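Close look at the chain arrangement
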Amino acid sequence: MSGNLRALEYEDGIVWTEDVERFNYVRQSIELSVSTRRLPVLWSGSGRRVGYAVPRSDSPAGDVPGKFIRRVFWVKVDGRSEQPGGTYNCSAPSERVDPRTVAPGVWGELTEQAWGAPLPEE
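Residues numbered from 1 in each chain as written. Predicted model: local features only at pLDDT ≥ 70, side-chain atom pairs only at ≥ 80, totals over all residues. Heavy atoms only, no water.

Looking now at the side chain of Ser-59. Within the fold, Ser-59 resides in the loop between β3 (48–55) and β4 (68–75). Reaching out from Ser-59, the side chain makes a polar contact with the backbone oxygen of Arg-56 at a distance of 3.1 Å. Here Ser-59 is in contact with Tyr-10, Arg-37 and Phe-68, once residues within four sequence places are set aside. (Helix = DSSP H or I, 4+ residues; strand = E, 2+ residues; numbered from the N terminus. Polar contact = N/O pair within 3.5 Å; in protein donor to acceptor, adjacent residues only side chain to side chain. Contact = heavy atoms within 4.5 Å.)

Further remarks concern the nonpolar core. Core analysis: the biggest nonpolar cluster contains 10 residues, these being Ile-14, Val-20, Phe-23, Val-26, Val-50, Ala-53, Phe-73, Val-75, Val-97 and Val-102. Looking at this core, the elements with two or more residues in it are β3 and β4. Ala-53 has contacts with Glu-11, Gly-13, Ile-14, Arg-70, Arg-71 and Phe-73, leaving out every residue within four places of it along the chain. One finds Val-34, Tyr-52, Val-54 and Trp-74 within the second-largest nonpolar core, a separate group that totals six residues. (Core = buried A, V, L, I, M, F, W, Y, C linked by side-chain atoms within 4.5 Å. Buried < 20%, exposed > 50% of the residue type's maximum accessible area, 1.4 Å probe, protein only.)

Another point: the confidence of the model for the protein. Of the residues in the protein, 95% have a pLDDT of 70 or more, and the chain-wide mean is 89. Across the protein, element-level confidence peaks in strand β1 (residues 11–16) with a mean pLDDT of 96 and bottoms out in helix α1 (residues 3–6) with 64. (pLDDT = per-residue confidence, 0-100.)

On to the pattern of salt bridges, then. Tallied over the full model, the rule gives 11 salt bridges. With a shortest N-O distance of 2.7 Å, Arg-48 and Glu-18 are connected by a salt bridge. With a gap of 30 residues between them, Arg-48 in strand β3 and Glu-18 in the loop between β1 and β2 (26–34) connect regions that are remote in the sequence. Overall, the relative accessible area of 30% leaves Arg-48 in the partly exposed class. Residues Arg-27 and Glu-95 are paired through a salt bridge, measuring 2.6 Å at the closest nitrogen-oxygen approach. (Salt bridge = Lys/Arg side-chain N within 4 Å of Asp/Glu carboxyl O.)

Take the side chain of Arg-70 next. Assignment of secondary structure puts Arg-70 in strand β4. With no salt bridge to any partner, buried Arg-70 finds its closest opposite charge in Glu-11, at an N-O distance of 7.5 Å. For Arg-70, the side chain forms a polar contact with the main-chain oxygen of Ala-53, separated by 2.8 Å. (Lys, Arg positive; Asp, Glu negative; His and termini not counted.)

Time to look at the pairing of β4. Of all the eight residues making up β4, eight are buried; the element is thus mostly covered by neighbouring parts of the structure. Both faces of β4 are covered, namely the face carrying Phe-68, Arg-70, Val-72 and Trp-74 and the face carrying Ile-69, Arg-71, Phe-73 and Val-75. Summarising the sheet, β2 and β4 pair through six bridges and their orientation is antiparallel. The partner of Gln-28 across the bridge, within β4, is Phe-73. Pairing analysis gives four bridges linking β3 to β4, with the strands arranged antiparallel. Within β4, the position partnered with Gly-51 by the bridge is Phe-73. (Pairing = 2+ DSSP bridges.)

Now for the packing of aromatic side chains. Within this structure, the stated rule accounts for three aromatic pairs. A centroid spacing of 6.4 Å and a plane angle of 80° characterise the contact between Tyr-25 and Tyr-88, whose relative ring orientation is edge-to-face. Highlighted residues: Tyr-25 in the loop between β1 and β2 and Tyr-88 in the loop between β4 and β5 (96–97), separated in sequence by 63 residues. Taken individually, Tyr-25 and Tyr-88 each receive the classification buried, so the pair is uniform in this respect. (Phe/Tyr/Trp six-rings, centres within 6.5 Å; stacked < 30°, edge-to-face > 60°.)

Dropping the structure here:
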């Protein structure tokens, strides 16, 4: 298991900074160099942060000493929650997950609600 996914083993909780019930999907990213285990993850990416994972107090540092690997959940201005009839009306970006499927240690999933239509056949 990669170090990024191994970090999920040490998650203690998910903090949502907005009501996720209003989102069909959120984008899920891994931040590799967060300098804190417990405080909010600072977000300088595009869009706005709507949640983040909190690791256990005994979680190990990542590849850089004193830096921790943490998940961040975010939305962009072109997302369905912000532009319901926009680009992602009946699809979703590659990093999307249904926030209702996110839990500590559980990678979020793509659902029909997140996709905005029946899931495409693989």
